[in-house]
Amino acid sequence: MKVATVVGTVVSTINIPVLDKHRLLVCDLDNLDGSPGGYTIAVDVVDAGIGDTVLILDEGSSARQILGLSAGAIRAVVVGIVDELVVDDEVIAVG
Amino acid sequence: MQLGRVLGRVVASEKSPGLEGIRFLIVQPLDKSEKPKGETLVAADAVFMAGPGELVYFVASREAAEALPEPFVPVDHAIVGIVDQVHLGGSA
């Protein structure tokens, strides 16, 4: 899983059916040293909002399990909202 | 999933079984500000509606084939949606 920050949303009316009822979030992937780590568009299942630090699952089989699907082209899912990140006893991010 | 811009299409009459009727489009991956980033790639059009010039989002790896009617096909990128709008910052 990856730690990321929600920075936006994607609005789409034409998409594959499995994405119909899901919000899509644009998430910046966070490196611990603060350097940019790219971004991903992930399906939201925890009602995360812009500015939230989140946990992203990026693996298809687990993503389908979370969404209750036996098939479907979904890989990245926002599965948690991070309260606190602690590295070497130091709080480096607070949600 | 990543954002991409459709640049064109690939026409191939001889394809691996299971890929009949699937359209392949040339896609330029974009960063979140919709600026080109990385090398162009060929993606299957799983929404059957994407065309040149359109802003889309695509899924990579094994999950790409899952977007197609026949999910056991050799496809590594698939367009799974057409973007109406990307909102960055502000309230969701």
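Parameters and conventions
Residues numbered from 1 in each chain as written. Chains lettered and ligands numbered in written order. Predicted model: local features only at pLDDT ≥ 70, side-chain atom pairs only at ≥ 80, totals over all residues. Helix = DSSP H or I, 4+ residues; strand = E, 2+ residues; numbered from the N terminus. Rg over C-alpha atoms; globule rule 2.2 N^0.38 Å. Buried ≥ 20, exposed ≤ 12 C-beta atoms within 10 Å, placed from the backbone. Contact = placed C-beta atoms within 7 Å. Nonpolar A, V, L, I, M, F, W, Y, C, P; charged D, E, K, R; others polar.

Visitor: When you look at the overall build of chain B in this model, what are you seeing that I'm missing?
Guide: Looking only at helices and strands, one finds one helix and six strands in chain B. Of the regular secondary structure in chain B, the N- to C-terminal order runs β-β-β-β-α-β-β. The C-alpha atoms of chain B give 13 Å as radius of gyration, which agrees with the globular expectation for 92 residues (12 Å, within 12%). Counting only C-alpha atoms, chain B reaches 45 × 20 × 20 Å along its principal axes. Here chain B, with 92 residues, has 37% of them falling under the buried criterion. Within chain B, counting contacts between residues at least 6 apart in sequence, those at least 24 apart form 52% of the total.

Visitor: Help me understand unusual backbone geometry, please; the structure alone is not making it clear to me.
Guide: Among all residues save glycine, negative phi is the norm, and among peptide bonds the norm is trans. The phi angle at D47 of chain A is positive, at roughly 60 degrees, despite the residue not being glycine. For D47 of chain A, the location among the structural elements is in the loop between β4 (36-44) and β5 (53-58).

Visitor: Explain the interface of chain B and chain A here, please?
Guide: It is common to give the size of an interface as the accessible area that goes away when the parts come together. Between chain B and chain A, the contact holds 31 residues from the first and 24 residues from the second. Counting only elements with at least two residues in the side of chain B that touches chain A, the list comes to β1 (2-10), β4 (55-60), α1 (63-66), β5 (77-82) and β6 (85-88) of chain B. The residue makeup of the side of chain B that touches chain A, split by class, is 17 nonpolar, eight polar and six charged.

Visitor: Explain the environment of V7 of chain A here, please?
Guide: When you line up the elements, V7 of chain A lands in strand β1 (residues 2-11). What makes V7 of chain A partly exposed here is the crowd of 17 C-beta atoms within 10 Å. In this structure, the C-alpha to C-alpha distance between V7 of chain A and E59 of chain A, residues 52 residues apart in sequence, is 21 Å. In this structure V7 of chain A touches V26, C27, D28 and I50 of chain A together with K32, L88 and G89 of chain B, once residues within four positions along its chain are discounted.

Purely geometric numbers; function is a separate question.
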